[in-house]
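Descriptive structure summary
Residues per chain are reported as follows:
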Amino acid sequence: LASNQLSRKQFIHDDGLNMLMHLGQVDNDEIKWLCAKVLLSLASGDETRALAVEKGAMSLLVALATSKDENTQRACAFTLYMFASTPSNCSRIVRESSAGTQKSLFRHIGVGMKDPLTLKLCVRAICLLTIHAPEERSILVQSSIVTQLQRLTSMRPNQASSEEEKQENQENDAFRLAY
């Protein structure tokens with residue numbers, strides 16, 4: 001349903017995010033992965049990105065980001081990046097940090113991941129949040145975002161060989177095409 005533009009809007013209006021929130025709390029990596037894919041699909045649509053954040057998608061993203069599954073983590077990182085790429089979302093995302101959402105999200109997302117794409121997406125999302133929500137930067141600092149950013153950048157693998165880079169680019173392209 002969430003792959004079609006009209007269906008995405010209807011899904012959000014019909015309280016689909018609430019249903020996903022319930023499913024995302026199930027202790028099953030496959031279900032969390034599927035929920036993360038739907039949320040990524042909602043974030044991928046220009047017409048639904050702001051609406052999803054407005055209707056509470058960040059709470060779902062935090063719940064899914066606690067997964068240890070690499071695919072779910074990657075989808076969460078990509079979703080956060082997509083949400084942050086819409087400037088009107090950034091202040092809302094950051095303001096929700098006062099309730100612990102942002103700090104909790106960045107505490108979980110990317111944890112233990114060595115996947116360069118997941119790490120890059122997390123770092124880029126943080127950068128977008130600081131660029132598009134300059135009036136909220138003090139909240140980001142108070143939520144230990146600098147420490148989280150240092151943690152994410154220090155987890156980044158060392159320089160890869162050209163063969164490893166080619167493999168990484170192929171994997172990244174395959175992941176993007178899947179969505």
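Anyway, here's the lowdown on the structure attached to this text.

What counts, and where the lines are drawn
- Residues numbered from 1 in each chain as written.
- Predicted model: local features only at pLDDT ≥ 70, side-chain atom pairs only at ≥ 80, totals over all residues.
- Heavy atoms only, no water.
- Helix = DSSP H or I, 4+ residues; strand = E, 2+ residues; numbered from the N terminus.
- Buried < 20%, exposed > 50% of the residue type's maximum accessible area, 1.4 Å probe, protein only.
- Contact = heavy atoms within 4.5 Å.
- Areas by Shrake-Rupley, 256 points an atom, 1.4 Å probe, with all protein chains shown as cover.
- Patch = residues over 30% accessible without salt bridge, like charges linked within 9 Å, V, L, I, M, F, W, Y side chains within 5 Å.
- Salt bridge = Lys/Arg side-chain N within 4 Å of Asp/Glu carboxyl O.
- Core = buried A, V, L, I, M, F, W, Y, C linked by side-chain atoms within 4.5 Å.

Attention now goes to the overall build of the protein. Of regular secondary structure, the protein possesses 12 helices and 0 strands. Listing every helix and strand of the protein by position from the N terminus yields α-α-α-α-α-α-α-α-α-α-α-α. The buried share of the protein, taken over its 179 residues, is 46%. Long-range contacts, defined as pairs at least 24 residues apart, comprise 78% of the intrachain contacts of the protein with a sequence gap of at least 6. When the accessible surface of the protein is totalled, it reaches about 9100 Å², and 49% of it is carbon and sulfur.

On to a nonpolar patch on the surface, then. The grouping of M19, L23 and V26 at the surface amounts to a nonpolar patch, some 220 Å² of accessible area in total. Mapped onto the fold, L23 is located in helix α2 (residues 16–24).

In total, this model carries 3 salt bridges according to the counting rule given. In this structure, R8 and E47 form a salt bridge, with 2.9 Å as the shortest nitrogen-oxygen distance. Of this pair, R8 sits in helix α1 (residues 5–13) while E47 is found in helix α4 (residues 46–54), placing the two residues 39 residues apart along the sequence. Given the relative accessible area of 11%, R8 is considered buried. Note that D46 and R49 form a salt bridge whose closest N and O atoms lie 3.0 Å from each other. Remark: R49 and D46 occur in helix α4; sequence separation between them is 3 residues, near one turn of the helix. Residue D46 is classed as exposed on the basis of its relative accessible area, which comes to 61%.

Right, let's talk about the nonpolar core for a bit. Core analysis: the largest hydrophobic core is formed by 44 residues, its most contacted members being L17, L39, M58, L61, L64, F83 and L129. Examining the composition of this core, we find that 9 residues originate from one element, helix α9 (residues 116–132), more than from any other. Residues within four places of L39 in sequence aside, it is in contact with L17, A57, L60, L61, L64, T79 and F83.

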